[in-house]
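Structural characterization, general
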Amino acid sequence: MTNIVNHWIGGKTAEGASGTYGPVTNPATGEVTTKVAFASVDEVDAAVAAAKEAYLTWGQSSLAQRTSILFKFRALLDAHRDEIAELITAEHGKVHSDALGEVARGLEIVDLACGITVQLKGELSTQVATRVDVSSIRQPLGVVAGITPFNFPAMVPLWMFPIAIACGNTFVLKPSEKDPSAAVKVAELLSEAGLPDGVFNVVHGDKVAVDRLLEHPDVKAVSFVGSTPIARYIHTTASANGKRVQALGGAKNHMLVLPDADLDAAADAAVSAAYGSAGERCMAISAVVAVGAVGDELVEKIRERAEKIKIGPGTDPASEMGPLITKAHRDKVASYVAGAAAEGCEVVLDGTGYTVDGHEDGHWIGISLLDRVPTGAKAYQDEIFGPVLCVLRAETYEEGVALINASPFGNGTAIFTRDGGAARRFQLEIEAGMVGVNVPIPVPVGYHSFGGWKDSLFGDHHIYGNDGTHFYTRGKVVTTRWPDPADAPAGVDLGFPRNH
Ligand code: NAD
């Protein structure tokens, strides 16, 4: 029997009332295992209303109350890592160890939220003028919304809501309709941890649900993570509706390999970062730029390693890489490889047509490696979001940096070198939000923030870290005078107040 994934509104399951459902497929078998309710405008309104009602008390709750619930939630999330990872593998397809990795990185943000007391400490200046003190405090916004992508169904929501609710907001999540179950499990765990009803709500669905959140007058801020065209749309629409918005988009992450780099380490890193999670990561390395004469040797080392990757169902502990999310996406990824030679690329490995015995209906594709990729090739221009690595050649460091900086994306980037001076220069000159020095996927820890530049992020705030606290709160500055009884009366003074 097909499972049904329903909404979570006001602390309980809310069965889909719109009559519209979407299919959820196991990418390893191609079988539709679940159907997910798609919210109507009325259902989104019900979730926002529940969040608004809950904000009346949650917004006034003490830091001690909020953090004690978050500590309990952290323990529950830790205890249910395996179960959540299994849900992710069943709907997303990534291998179990990779799914466990995303839960672990999500937990880091819960750690941060448990310590929100430190982040929310205000500032006080005493005696800024005679007997005048000034304090700066930060207060929650109210109801905030999160809209998240398929590729990290647990981690990306966890980038958002722990900080939002720790700051005193209430939350409505619209997770990806392709793998919705992890979000519901998280909602159940929050409830078990003692989170009051309505503080965290989940509505599933498509553009109908998203558009309602973007226009709803009671939604004060929107956090979005997904592809660049939708990120741009979310930023424009939510901003036009007067909301605070951060919209993280897609990527084309480059790895610059200088001639002095440890080529074995660079090849290991390139293969792990390009093909991990079948390339369906916004921080995947999808372009290697080989500088000077190292290109041929580097490509050979990448090829040797890439050919050994074991592809199979995510539930098989022997698998290192699983299938792609949908058949349509698999076919799109394959089309870039099929067209590569005609665009001037050297096809070193062609993963199209790959299948796994006994799982022929799964969304499989093998490893592809393209060398001497021209910058005009579609395989280089587009975010492919699959296991396809492009290698480009540059004569010098300067040429490599210019090539990377010409990309419209600016999410993550990495340099591989033994030269500290070159690495330092790269950090300062490269136009990307996250930089790795001999680290291929520089996803920042929870207490630093995550975010790209250019078409990889629309809005002023990165996600989590100090930026997260800032995004989910607004500032207030209080100026106080307690006159001394001995003071002479100030009298009327229409001049602009000066401090003395
Ligand atoms: P997507 O943009 O298709 O979908 C993201 C969310 O937007 C989903 O919840 C989806 O239901 C909703 N959505 C889709 N089309 C919409 C529309 N027309 N109107 C309103 N809402 C819509 O992204 P995806 O395919 O789920 O995820 C992959 C993309 O996300 C990649 O581009 C990847 O780079 C990006 N991503 C970026 C980051 C980052 O931190 N920058 C992290 C993870 C994923």
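All residue numbers refer to position in the chain's written sequence, counted from 1. With pLDDT at 70 or above as the cut-off, local features in this predicted model cover only qualifying residues; side-chain atom pairs require 80 or more to be listed or tallied, and sums for whole chains, interfaces and linings still use all residues. Calculated side-chain values reflect all of the structure's heavy atoms, with hydrogen atoms and water omitted.

Per an unreviewed UniProt entry, the protein goes by the name methylmalonate-semialdehyde dehydrogenase (CoA acylating) and belongs to Streptomyces tendae.

In this section: the overall build of the protein. For helices the rule is a DSSP run of H or I covering at least 4 residues; for strands it is a run of E covering at least 2, with both sets numbered from the N terminus onward. Looking only at helices and strands, the protein has 16 helices and 23 strands in total. Whereas a compact globule of 500 residues would reach a radius of gyration of roughly 23 Å, the protein reaches 25 Å, a difference of no more than 12%. Seen through its C-alpha atoms, the protein measures out along the principal axes to roughly 85 × 60 × 40 Å. Burial classes follow relative accessibility: with a 1.4 Å probe on protein chains only, a residue under 20% of its type's maximum area counts as buried, one over 50% as exposed, and anything between as partly exposed. Expressed as a percentage of its 500 residues, the buried residues of the protein come to 55%. Contact between two residues is taken to exist if any of their heavy atoms lie within 4.5 Å; hydrogens are not considered. Taking the intrachain contacts of the protein between residues at least 6 apart in sequence as the baseline, contacts between residues at least 24 apart amount to 73%. Computed with the Shrake-Rupley method and a 1.4 Å probe, the accessible areas treat only the protein chains shown as cover for residues. With the model as given, the accessible surface of the protein reaches about 20,700 Å², and the carbon-plus-sulfur share is 53%. Taking the average place of the 42 positive charges on the side chains of the protein and the average place of its 60 negative ones, the gap between the two points comes to 6 Å. The reference for a compact globule is 2.2 Å times residues^0.38; the radius of gyration itself is calculated from the C-alpha atoms. Note on charges: Lys and Arg go in the positive column, Asp and Glu in the negative column, and His and the chain ends are not counted at all. A single reference atom marks each charge: NZ on Lys, CZ on Arg, CG on Asp, CD on Glu.

A word on the nonpolar core. Met255, Leu256, Val257, Tyr275, Val288, Leu298 and Leu389 are the most contacted members of the largest nonpolar core, which has 66 residues in total. Ignoring anything within four residues of it in the chain, the contact list for methionine 255 reads Ala266, Ala269, Ala270, Ile285, Ala287, Val288, Val289, Ala414 and Phe416. What we call a nonpolar core is a set of buried Ala, Val, Leu, Ile, Met, Phe, Trp, Tyr and Cys residues that are connected through their side-chain atoms within 4.5 Å.

Close to the ligand lie 25 residues, the nearest being Lys174, Glu177, Ser227, Gly249 and Glu383. Any pair of nitrogen or oxygen atoms within 3.5 Å is treated as a polar contact; in protein, a donor-acceptor pairing is required on top of that, and neighbouring residues in sequence qualify only through side-chain atoms on both sides. In this structure, an oxygen atom belonging to the ligand sits 2.8 Å away from a side-chain N or O atom of lysine 174. In this structure, glutamate 383 approaches the ligand through a side-chain N or O atom, which is 2.6 Å from an oxygen atom. Burial of the ligand by the protein amounts to 88% of the accessible area it has alone, namely 840 Å². Put plainly, a pocket is an open set of points on a 1 Å grid over the protein atoms alone with protein on both sides within 12 Å along at least five of seven lines, a cavity is a set where a 1.4 Å probe fits but cannot get out, and a lining residue has an atom within 4 Å of a point. Cavity and pocket membership follows a simple rule, namely that a molecule belongs there if more than half of its atoms are within 2 Å of the grid points. Using a 2 Å cut-off from the grid points, one finds that the ligand occupies the largest pocket. Put simply, the parts of the chain that give the shell around the ligand at least two residues each are helix H8 (207-215) and strand E11 (219-225). Ten residue types, Ala, Val, Leu, Ile, Met, Phe, Trp, Tyr, Cys and Pro, are classed as nonpolar, four, Asp, Glu, Lys and Arg, as charged, and the remainder, Gly among them, as polar. Across the shell around the ligand, the residue classes break down as 13 nonpolar, 8 polar and 4 charged. What counts as a domain boundary in this text is fixed by an automatic or database domain assignment. Three or more residues apiece are contributed to the shell around the ligand by two domains, here domain 1 (3-249 + 456-478) and domain 2 (253-437). Note on definitions. A residue lies near a molecule or strand when any single heavy atom of the residue is within 4 Å of it.

UniProt positions are given in the numbering used here, feature names are shortened, and annotations may be inferred rather than shown by experiment. UniProt feature "domain: Aldehyde dehydrogenase" (unreviewed entry): in the numbering of this structure it lies at residues 20-478. Here residues 20-478 runs as 40% helix and 22% strand, with 50 Å between its end C-alpha atoms.

Turning our eyes to something else, we now look at the sheet that holds strand E5 (residues 31-37). In short, DSSP must find at least two bridges between two strands for them to pair. The strand order E1-E5-E4 describes an open sheet built from 3 strands, whose pairing is mixed. If you trace the sheet from one side to the other, it starts and ends with strand E1 (3-5) and strand E4 (21-26), each paired once. Mean inter-strand twist for the sheet, computed between neighbouring axes without regard to direction, equals 35°. One ladder, built from 6 bridges, connects E4 with E5; its direction is antiparallel. Looking across to E5, one finds that valine 24 is bridged to threonine 34. Under this scheme, a helix contributes an axis fitted over its contacting stretch, all axes are lines through C-alpha atoms, and angles between N-to-C directions fall in the 0 to 180 degree range.

Let us look at the packing of helix H4 (residues 96-114) against helix H6 (residues 155-166). H6 packs onto H4 with a crossing angle of 10° between their chain directions and a minimal axis gap of 8 Å. Considering the angle they form, H4 stands roughly parallel to H6. Touching Glu102, Arg105, Gly106, Ile109, Val110, Leu112 and Ala113 of H4 are Met155, Leu158, Trp159, Pro162, Ile163 and Ala166, all from H6. Counted by class, the contact of H4 with H6 contains 10 nonpolar, 1 polar and 2 charged residues. Orientation categories follow fixed angle ranges, with anything under 35 degrees roughly parallel, anything over 145 roughly antiparallel, 65 to 115 roughly perpendicular, and all other angles oblique.

Relative to the helices and strands, serine 407 is located in the loop between helix H14 (397-405) and strand E18 (409-410). Among the polar contacts listed, one links the side chain of serine 407 to the backbone nitrogen of phenylalanine 409, at a separation of 3.1 Å. Ignoring anything within four residues of it in the chain, the contact list for serine 407 reads Lys252, His254, Tyr380 and Lys454.

Our focus in this paragraph is the domain arrangement of the protein. Assigned domains within the protein: domain 1 (3-249 + 456-478) and domain 2 (253-437). The term buried area refers to how much accessible surface (probe radius 1.4 Å) is lost by two components on association, counted for both of them together. Together domain 1 and domain 2 conceal approximately 1,700 Å² of surface at their shared face, both sides included; 61% is due to carbon and sulfur atoms. The largest contributions to the domain 1 side of the interface with domain 2 come from Ala28, Val95 and Ser456, which together make up 27% of the buried area. When a carboxyl oxygen of Asp or Glu lies within 4 Å of a side-chain nitrogen of Lys or Arg, that pair is called a salt bridge. The interface formed by domain 1 and domain 2 includes 1 salt bridge. Arginine 281 is the salt-bridge partner of aspartate 98, the closest N and O atoms lying 2.8 Å from each other.

Our next topic: the pairing of strand E13 (residues 253-257). Regular strands show a simple pattern: their side chains alternate between the two faces of the sheet. Of all 5 residues in E13, 5 are buried, a share of seventy percent or more. Side chains Asn253, Met255 and Val257 project from E13 onto one buried face, and the interleaved His254 and Leu256 project onto a second face that is buried too. Here E13 pairs with strand E14 (residues 285-291) via 5 bridges, running parallel. For methionine 255, the partnering residue across the bridge sits in E14 and is valine 288. For a crossover, the right-handed case is the one in which the path from the first strand over the helix to the second runs clockwise, viewed with the strands pointing away from the viewer. In the classification by handedness, the crossover that spans E13, the intervening helix H10 (residues 263-275) and the parallel E14 is right-handed. In terms of strand pairing, E13 meets strand E19 (residues 412-416) through 4 bridges, oriented parallel. When the bridges of E19 are listed, leucine 256 appears paired with isoleucine 415.

Sheet architecture is open: 3 strands sit in the order E6-E7-E23, paired in antiparallel fashion. The outermost strands of the open sheet, each flanked by one partner alone, are strand E6 (123-129) and strand E23 (473-481). Along the sheet, successive strands turn relative to each other by an average axial angle of 25°, direction set aside. When strand E7 (residues 132-140) meets E23, the two strands line up antiparallel, connected through 9 bridges. Across the sheet, arginine 138 pairs through a bridge with glycine 475, a residue of E23.

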